[in-house]
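Overview (structure and organization)
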Amino acid sequence: MSMLHIVNKSPFERNAMDSCLKHAREGDAILMIEDAAVGAVDGSTIAGDIKAALADKTVYVLGGDLAARGMSEDRIIDGIKVVDYAGFVDLTVENEKTQSWV
Amino acid sequence: MATKKFMYVNRKAPYGTVYALESLEVVLIAAAFEQEVSLAFIDDGVYQIAKGQNTDGIGMKNFSSTYNALGDYEVNKLYVEKESLEERGLTADDLMPIMWEDEDEDWAEKPSVRIVSRAEMADILAEQEVTYSF
Amino acid sequence: MALVVNGAEVATDEEGYLEDLSVWTPEIADAMAKEEDVDLSDEHWDIINFLREYYEEYQIAPAVRVLTKAVGKKLGKDKGNSKYLYSLFPYGPGKQACKYAGLPKPTGCV
């Protein structure tokens, strides 16, 4: 009964990511897209929260959104998986339900 | 026409919303009227001038190179808040080396980006006569 | 509005600017100029080529003031003034030259 959580707001600007991390359950998947992609970069004030989530959840970032904002894949938090649009679609199929944190 | 100190405050990441592009367009229009224009990059606004932006994967126009034209419009004060960079795991090295050419010194290239502390930014914002927020 | 170049229709907007900047060719510039009774000289081409390079680098069409200064720097002071540029492009160096160069109308131009 895993859920895919999709976040599209910057974690530094809105509390959508924070709220998502607090509500997501063990085994769930979290996908960061659009402005949320910047949250994947290591060394930020929210990196600790993402690392904590990685203990029992999988975290993904949409590669195109990361590159658009000038962030290269080699600086993202260890354990976050980069996906493309096809991978995005796969995630919606693999998980029974989807929730968007808009 | 009397010139005024115009400040454009940029606080949003590019592409996810239209704020960054709108701000840049307004800056170019205002600069054509020869006002004293400064830009501030605070919070997620710092991503607007991050180097290496590549929008091939999202099918949107990459407008980051346009910031390099600002010097031609005599817009050469781009203030970036140090704390905003640090909170995002970034440093000054992650920003584009935006330059302007000083006509009075045989077109010598000088950096437009100035990294300032949050306290300095507050002072800079307080000095302005007209402030636009994006 | 459509322009016909070498038998093929080229889409332009109501002011004659190219709808799709990527389809530009020198022949299109010649055809646009001909419609306005202009014969493109080497001097015209210097400006058109300059504008295309500027757009390629910065993704914008420069304002007239910026164009004038940049032309002065690149092609010499005798060409970096509005009198010279208006003699080549009487409808306005920004609007007319950008159109021939296949660029959008300069930002800030109304």
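Residues numbered from 1 in each chain as written. Chains lettered and ligands numbered in written order. Predicted model: local features only at pLDDT ≥ 70, side-chain atom pairs only at ≥ 80, totals over all residues. Heavy atoms only, no water.

As recorded in an unreviewed UniProt entry, chain C goes by the name Sulfurtransferase, listed as coming from uncultured Thiotrichaceae bacterium. UniProt's Sequence similarities (unreviewed entry) comment on chain C is quoted here verbatim: "Belongs to the dsrC/tusE family." The UniProt entry for chain C carries this comment under Function (unreviewed entry): "Part of a sulfur-relay system." (UniProt positions renumbered as here; feature names shortened; annotations may be inferred.)

An unreviewed UniProt entry annotates chain B as tRNA 5-methylaminomethyl-2-thiouridine synthase TusC originating from uncultured Thiotrichaceae bacterium. For the record of chain B, the UniProt heading Sequence similarities (unreviewed entry) holds the text "Belongs to the DsrF/TusC family."

Residues and elements named next belong to chain B. Within the element layout of this structure, threonine 3 appears in the segment before strand 1 (5-10). Threonine 3 sits in the partly exposed class, given a relative accessible area of 48%. Considered as a pair, threonine 3 and glutamate 36 are 33 residues apart in the sequence and their alpha carbons are 6.4 Å apart. Each residue touching threonine 3, except ones within four places of it in the same chain, is listed here: Glu34, Gln35 and Glu129. (Helix = DSSP H or I, 4+ residues; strand = E, 2+ residues; numbered from the N terminus. Buried < 20%, exposed > 50% of the residue type's maximum accessible area, 1.4 Å probe, protein only. Contact = heavy atoms within 4.5 Å.)

Residues and elements named next belong to chain B. What the five strands build is an open sheet, ordered 6-3-2-1-7; its pairing is parallel. With partners counted over all chains shown, the strands left at the sheet margins are strand 6 (113-116) and strand 7 (130-133), one partner each. Going from strand to strand, the sheet's axes swing by 25° on average, the running direction of each strand aside. Examined bridge by bridge, strand 2 (residues 36-41) and strand 3 (residues 78-81) share three bridges and lie parallel to one another. Residue pairing in the sheet places leucine 39 in a bridge with leucine 78 of strand 3. (Pairing = 2+ DSSP bridges. Axes fitted to C-alpha atoms, helices over the stretch in contact; angles between N-to-C directions.)

With that out of the way, let us pick up unusual backbone geometry. For glutamate 34 of chain A, which is not glycine, the phi torsion reads 50° and is therefore positive. With respect to the helices and strands, glutamate 34 of chain A occurs in the loop between strand 2 (29-32) and helix 2 (47-54). Using a relative accessible area of 31% as the deciding quantity, one classes glutamate 34 of chain A as partly exposed. Although it is not a glycine, aspartate 106 of chain B adopts a positive phi angle of roughly 55°. Mapped onto the fold, aspartate 106 of chain B is located in the loop between strand 4 (99-102) and strand 5 (108-111). Aspartate 106 of chain B gets classed as exposed once you look at its relative accessible area, which sits at 67%.

Time to look at the packing of helix 2 (residues 42-58) of chain C against helix 3 (residues 64-75) of chain C. All names here are of chain C. At a minimum axis separation of 11 Å, helix 2 and helix 3 run at an interaxial angle of 110°. Regarding the angle of helix 2 to helix 3, the classification is roughly perpendicular. Note on element contacts: helix 3 touches helix 2 through Val66, Leu67, Ala70, Val71, Lys74 and Leu75, opposite Asp46, Ile47, Phe50, Leu51, Glu53 and Tyr54. (Parallel < 35°, antiparallel > 145°, perpendicular 65-115°, else oblique.)

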